[in-house]
Amino acid sequence: MMSPDPNTDTMHPQLMLLMELQDLRSQHRELEKDDGSAPVEREHFHIDPAEARAQLAEKISELEERLDPQVRARYERIRPQRERVVVPVINGVCYGCFVSIATATVGDQEVHQELQSCENCGSFIYVVS
Amino acid sequence: MKLRKLFTTDSVELNLESETKDEVLKELIQLLGLDDKSEAILFKTLKRRENLGSTGIGKGIAIPHCRSLVVNELRLAYGRKPEGIDFQAIDDEPVHNLFLIVAPPLEVSNQYLPVLGKIAQFAKDPDIPEKLQEIDEATQFLDLLEERAP
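Just so you know, these numbers come straight off a predicted model, no measurement behind them.

Caption draft 1: Up close: the sheet that holds strand S1 (residues 86-90) of chain A. Residues and elements named next belong to chain A. Reading across from one edge, S2-S1-S3 is the order of the three strands in this open sheet, with mixed pairing throughout. Two strands bound the open sheet, and with one partner strand each, they are strand S2 (93-94) and strand S3 (124-128). Two strands pair when backbone bridges link them, and S1 and S3 are joined in this way by five bridges, in the parallel orientation. Residue pairing across strands places Pro88 opposite Tyr126, the latter belonging to S3.

Shown next as C-alpha cells:
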C-alpha cells in the first residue's frame, strides 16, 4: 500500500508545482476542444465542460500564485511560446524540442532535486524513468 | 486498439483492500508500477479530476482517468472491490469495479479518448458487472475483455 504521505522530498517543490500546473492545463485544454475530452466527459461522466474549465482555471491561478517569483517569471516567459512549460525527457530526449539532453543532466539519480531546463528549448524538464 | 492489449495480469487486482476513495485511488496507481514521486503526482492529478465530478458512472463502475507527465505511454489498470466502496458515484451506489486510465500529455497514437470511451461502453454493458464479479483470476478478466471488447 502506498504511504499516505508519499515520499516526494527528493523532488524540487517548484518542479512538483509546475507539473501539477502542467497536468491541470492539459485537462483544461482538452476540455476546450470539440474533438477533445468534452464529449466523452459530458456523455459518460455527466460533466459540464464549461463549469469544469472554470474550476480548473481557478485552481491553475491559485497554483501559479505559489510559484517563486523567478520561476514564475520563466513560466510566464515560456508559456506564450510553448504549449507545455514542463516537458518529459524520455530516453534522454527532450519532448519539447526532440533534442538529446546532456547525459550528466538526465543520468543523475537526484535529477528532480533541482529545477532543470532543456538547454535547447528552455522548457522545464521532468525525466520519466 | 484492443482493450485486452492494454492490460497485463500485473495491472489487475481482484481484491482491493482499501476502504476509502483516496486509498483505492492509491492502490490502483500502485498497479502501474511507477516510482514514489510519480505516484504522488498522479494521485494529485486524479484527485483534481475527481473534484470536477466523480468518475463513478453508476452501476458499480468507476473510471478514474487523466493525462499526466508521469507516464510515457497509455497505462491502464483494473481493480475490483467485491464489498464495494463509497466513490460518490452518480447513482450514490457503492463501486465494485474500477478502471484506471492514464495517458501522457503527448500521445502520437491518440488512443486515450477512444480507449476511455471504449472502457465506458464495455463497463456499461448490462451483464458485464455481473461477469466481473464472477472472475477468479486476472487471466479471466483479460479473456472477458478479449471476448466482449474486441
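Caption draft 2: Expanded view of the side chain of B:Asn97. Residue and element names in this part refer to chain B. Looking at the secondary structure, you find Asn97 in strand S6 (residues 95-103). Look at Asn97 and you get buried, because its relative accessible area is 1%. One polar contact links Asn97 to Tyr78, side chain to side chain, over a distance of 2.5 Å. Those residues within four positions of Asn97 in sequence are excluded, and the remaining contacts are Gly60, Ile61, Ala62, Tyr78, Gly79, Arg80, Pro129, Leu132 and Gln133.

Caption draft 3: Region of interest: the packing of aromatic side chains. Throughout the structure, instances matching the rule amount to six aromatic pairs over all chains. On the numbers, 5.2 Å between centres and 85 degrees between planes, the contact of B:Phe7 with B:Phe141 is edge-to-face. Of this pair, B:Phe7 sits in the segment before strand S1 (12-13) while B:Phe141 is found in helix H5 (residues 138-148), placing the two residues 134 residues apart along the sequence. By relative accessible area, which is 2% here, B:Phe7 ends up buried. The class for B:Phe141 is buried, based on a relative accessible area of 0%. Between B:Tyr78 and B:Phe141 the ring centres are 4.2 Å apart and the planes differ by 5 degrees, which places this aromatic pair in the stacked class. Here B:Tyr78 is found in strand S5 (residues 75-85), whereas its partner B:Phe141 is found in helix H5, with 63 residues between them in sequence. One aromatic cluster is present, built from ring pairs that chain together B:Phe7, B:Tyr78, B:Phe99, B:Phe122 and B:Phe141. The ring of B:Phe43 is capped by B:Lys26, whose NZ or CZ atom sits 4.7 Å from the centre of that ring. When the ring centre of A:Phe45 is taken as reference, the NZ or CZ atom of B:Arg49 above it lies at 5.6 Å.

The rules behind each value
Residues numbered from 1 in each chain as written. Chains lettered and ligands numbered in written order. Predicted model: local features only at pLDDT ≥ 70, side-chain atom pairs only at ≥ 80, totals over all residues. Heavy atoms only, no water. Pairing = 2+ DSSP bridges. Helix = DSSP H or I, 4+ residues; strand = E, 2+ residues; numbered from the N terminus. Buried < 20%, exposed > 50% of the residue type's maximum accessible area, 1.4 Å probe, protein only. Polar contact = N/O pair within 3.5 Å; in protein donor to acceptor, adjacent residues only side chain to side chain. Contact = heavy atoms within 4.5 Å. Phe/Tyr/Trp six-rings, centres within 6.5 Å; stacked < 30°, edge-to-face > 60°. Lys NZ or Arg CZ within 6 Å of the ring centre and 35° of its normal.

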